[in-house]
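A structural walkthrough
Given next are the chains, with one letter for each unit.
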There are 2 protein chains.
Amino acid sequence: MTMIGPENVDQARLLRLLRDDGPRSRVELTDALGLPRARFGVEVERLAAQGLVEVAGPAASRGGRRSSLLRIAGQVRFGAVIVGEGQLDVALTDGELSVLARHAEPIDVRLGPEAVVGRAIELLAKLRVEAGPARLTGVGVALPAPVAVRDGTPVSPPALPGWRQFPVRDTIAAELGCPVQVDNDANVMALGEQHAGTGRAFDDFLYVKLGNAIGCGLVLGGALYRGATSGAGDIGHLQLAEDGPLCVCGNTGCVEAYCGDAALVRQAVTAARAGRSAALGDRLAAAGTLTIADVAGAATGGDPTAQTLVRDGARRLGQVLVGLVSFVNPGIVIIGGAAPGIGPVLLAEIRGVVYRRSAPLATGSMPIVLSDLGDEAGPVGAARLISDQIFATR
Amino acid sequence: MTMIGPENVDQARLLRLLRDDGPRSRVELTDALGLPRARFGVEVERLAAQGLVEVAGPAASRGGRRSSLLRIAGQVRFGAVIVGEGQLDVALTDGELSVLARHAEPIDVRLGPEAVVGRAIELLAKLRVEAGPARLTGVGVALPAPVAVRDGTPVSPPALPGWRQFPVRDTIAAELGCPVQVDNDANVMALGEQHAGTGRAFDDFLYVKLGNAIGCGLVLGGALYRGATSGAGDIGHLQLAEDGPLCVCGNTGCVEAYCGDAALVRQAVTAARAGRSAALGDRLAAAGTLTIADVAGAATGGDPTAQTLVRDGARRLGQVLVGLVSFVNPGIVIIGGAAPGIGPVLLAEIRGVVYRRSAPLATGSMPIVLSDLGDEAGPVGAARLISDQIFATR
């Protein structure tokens, strides 16, 4: 495996500056790093020799000596693989983590890890042809499951039957000959928010990922926080009530059993069959099944039963957030993965619960917002995940 | 104000090494810091000139050239002020944070901040006479309230009426002419655990402080985590049930209203008056009042009513911990402030709830233990608080 990357802390800082802020002049960078000019020149040359940094052209004059612009080399490519429960989403980014090429397709994760990982590798190869000649510098992978990040494997994944301890990282790394990092999808999307979303302005934020599974990524003190065994943010199976609905995990009253997409759809089907909602009943009759988009559509269309379902789920989620927010005192909470159209209703309910109940020091001025990254959070976050690893000293 | 402290990162690391690990040889320290020998010598001289480091004698020979032992200078003193709801606890430590002199006395915090802070300054002066000539290098202060750490003031403190936004830090600093840092008591005790307790072996732990007020200190990634506005760990007023008992804060069903010492005592008095416990009734009749020590004594003496009270409180606390532990995935949970004798009962109940309900990745091998520091956690933690600030680059 070709191991490229910074040789010291200054090179690592330079790479992250160029990744996060884009091309900058030598003068600015020398100042930002606080290095003597000669030493700065040496570090840049070493990174250029590795194909990581290049000259982008002359910098705008600041009155004195002309300076040149530096940037992450154009041949740097990060791969991003987002495994969803029903979808495989693969992308290639440049060194500033802009998506250059992307392909998503339906997939059945129950086919097992070999099939899904194999298909992801095929898709990466196709995208590399599309995006033009370059070097695959590393690949970030998001799984809809708790991940033992040190091992690069999923842990007891209810959503990924048959994937338990499959060596996702090592399999892809062996096949592609580059560094690979694997993490939980909520963590990856939090990294996407940190790089390109509202999270960029905050050192401390929570990213709550909605969907069939509900997870949370914690960015604390400017870095993703994974906890002692990379289990931080694993909130989907917290028990809200012992006598609550049955969850896929086998317990009762879990967060996901109240507010996960599948749980909302299940309740919507029950309501439609019982004749409690004409809108849901019509959709069910037409398609033979309901999706979260149907529930969202009915709710935004004014159906009171669908609205109640969405509001009840959001209120339960708000109850969980009250505790988390008081506990870690984030600067902002960002909510991603909301079904189209229901964001405002969700936010209103969640804010109502959180602001009413949290400790004043934790929520005095804490915003709760919807992610504005949409489905870019995954690919950008996966690229950030692997670039954080490569653009660091080992 | 005399500002002393390290001039660069290497000096700061050297001071923290000597503080945390005690006297070490020049050879070991040079290796640990990865500095050229000549450069190391320069940094040591500069710290010695400031009176922060001194030679402690010759080091044990490692076969080669004799090396000398360095240590934090003997004249370094940290002051510690722990304001409790009913007690003022003041101590002086040396540069390795060992307590040299200490005085605790009952106090009524409702006398107001001027009186209490004034008395703490008097006591520090007395202790400085006792402990012998030295220089007061800095003072750490713990308050039983949320603290705006950046401002050095308590925030909306239910336990400290009249203290709201009183400039605790600046008042003490102006009086004593040295740096002062103020924080919440649970945070300070977590720092004590990190320095001298079970927490020393963990990068990520939660310290839960029991008492009338219940708080939590979070050490994450090796450092105290305070959140965006220093409100992290503020768990005492999370609502466990809307129809729960009335809390001192005015809401219902707060954690403190179930498991705080004052809440347990209140329930014990009710039980004693209702004739539901002979043991508690006898104690109440004899003293006219009950304390948490009475409840603990009755429970450890086998009184079933007192045992039920303690167990119910512990179970409620366990329910809160389930969420926190799943959320931050700490390496260990340390519980401090338990009334004498009831630790084992508390632990058994808390462990029962947490291990049964938490996400497996978060608690697979996570210990829950009682603090073994006893009442040293406060003074050591307050000294650590201010020494962390002084032994850092500004």
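Each value, and the rule that gives it
Residues numbered from 1 in each chain as written. Chains lettered and ligands numbered in written order. Predicted model: local features only at pLDDT ≥ 70, side-chain atom pairs only at ≥ 80, totals over all residues. Helix = DSSP H or I, 4+ residues; strand = E, 2+ residues; numbered from the N terminus. Rg over C-alpha atoms; globule rule 2.2 N^0.38 Å. Buried ≥ 20, exposed ≤ 12 C-beta atoms within 10 Å, placed from the backbone. Contact = placed C-beta atoms within 7 Å. Nonpolar A, V, L, I, M, F, W, Y, C, P; charged D, E, K, R; others polar. Pairing = 2+ DSSP bridges. Axes fitted to C-alpha atoms, helices over the stretch in contact; angles between N-to-C directions. Core = buried A, V, L, I, M, F, W, Y, C linked by C-beta atoms within 7 Å. Expected span 1.5 Å × (residues − 1). Arc of directions from axis to C-beta. Least-squares fit on C-alpha atoms with pLDDT ≥ 70 in both. Domains from an automatic or database assignment.

This paragraph deals with the overall build of chain A. Within chain A, the regular secondary structure consists of 14 helices and 15 strands. Radius of gyration (C-alpha) of chain A: 23 Å, near the 21 Å computed for a compact globule of 394 residues. Scored against the burial criterion, the 394 residues of chain A give a buried share of 53%. Once local pairs closer than 6 in sequence are excluded, the contacts in chain A between residues at least 24 apart make up 63%.

Note: interface size is frequently given as the accessible area lost on complex formation between the parts. Taken together, the 33 residues of chain B in the interface contact 33 residues of chain A. If you list the elements that add at least two residues to the side of chain B that touches chain A, you get helix H11 (304–328) and helix H13 (360–363) of chain B. Top element by residues in the side of chain B that touches chain A is H11(B). It accounts for six residues. Tallied by class, residues from the side of chain B that touches chain A come to 17 nonpolar, 13 polar and three charged.

What follows is about the sheet that holds strand E11 (residues 205–209) of chain A. Residue and element names in this part refer to chain A. Judged by pairing direction, the sheet is mixed, and its five strands sit side by side in the order E13-E12-E11-E14-E15 without closing on themselves. Bordering the open sheet on either side are strand E13 (223–225) and strand E15 (368–370), each of which pairs with just one other strand. On average, adjacent strands in this sheet sit at an angle of 25° to one another, irrespective of strand direction. Relative to strand E14 (residues 332–336), E11 runs parallel, the two being bridged by five bridges. When the sheet's bridge partners are listed, Tyr207 is paired in E14 with Ile334.

Our next topic: the nonpolar core. Formed by 244 residues in total, the largest nonpolar core has its most connected members in Val295(A), Val333(A), Val295(B) and Val333(B). With residues up to four places along the chain from it excluded, the contact list for Val295(B) reads Leu264(B), Val265(B), Ala268(B), Leu290(B), Ala306(B), Leu309(B) and Val310(B).

Residue and element names in this part refer to chain A. For strand E7 (residues 135–143), the tally of buried residues reaches eight of nine residues, placing the bulk of the element in the interior. Inspection of the sheet shows strand E4 (residues 76–83) paired to E7 by seven bridges, in the parallel sense. Note that in E7 the partner of Val76 across the bridge is Arg135.

Turning next to helix H4 (residues 113–131) of chain A. Residues and elements named next belong to chain A. With 19 residues, H4 extends 26 Å from end C-alpha to end C-alpha; this agrees with the ideal 27 Å at 1.5 Å per step. When we look at burial in H4, the residues that qualify are Pro113, Val116, Val117, Ala120, Leu123, Leu124 and Leu127. All buried residues of H4 fall inside an arc of 120° around its axis, so they share one side. Away from the buried face of H4 by more than 90 degrees, exposed residues Glu114, Glu122 and Val129 are located. Each element contacted by the buried residues of H4 is listed here: E4, strand E5 (87–93), strand E6 (99–106) and helix H5 (168–176). Immediately downstream of H4, the backbone of Gly132 shows phi near 90°, a positive value.

This next bit is on the relation of the copies chain B and chain A. For the pair chain B and chain A, the superposition axis carries a translation of 0.0 Å, the fit reaches an RMSD of 0.0 Å, and the rotation angle comes to 180°. Interpreted geometrically, this transformation is the action of a two-fold axis. The position closest to the rotation axis in chain B is occupied by the C-alpha of Leu324(B), lying 3.6 Å away. Residue by residue, 100% of the interface of chain B is reproduced at the interface of chain A, so both copies engage with the same surface.

Right, let's talk about the sheet that holds E5(A) for a bit. Think of a sheet as strands paired side by side through backbone hydrogen bonds, with each pair either parallel or antiparallel. Residues and elements named next belong to chain A. Strands sit in the order E6-E5-E4-E7-E10 across an open sheet of five strands; the sheet is mixed. Two strands in the sheet have a free side with no partner beyond their single neighbour: E6 and strand E10 (180–184). Neighbour to neighbour, the strand axes of the sheet diverge by 15° on average, direction disregarded. Packing against the sheet, helix H6 (residues 185–196) makes contact with E4, E7 and E10, and its axis sits at approximately 105° to E10.

To continue, consider the environment of Gly162(A). Structurally, Gly162(A) is set in the loop between strand E9 (153–154) and H5. Along the sequence, Gly162(A) and Gly74(A) sit 88 residues apart, while their C-alpha atoms lie 39 Å from each other.

Residues and elements named next belong to chain A. For chain A, the assigned domains read domain 1 (9–72), domain 2 (76–196 + 377–390) and domain 3 (198–372). The C-alpha-based centres of domain 1 and domain 2 are spaced at 30 Å. The interface of domain 1 with domain 2 comprises five residues on the first partner and six residues on the second. Grouping the amino acids of the side of domain 1 that touches domain 2 by side-chain chemistry returns two nonpolar, two polar and one charged.

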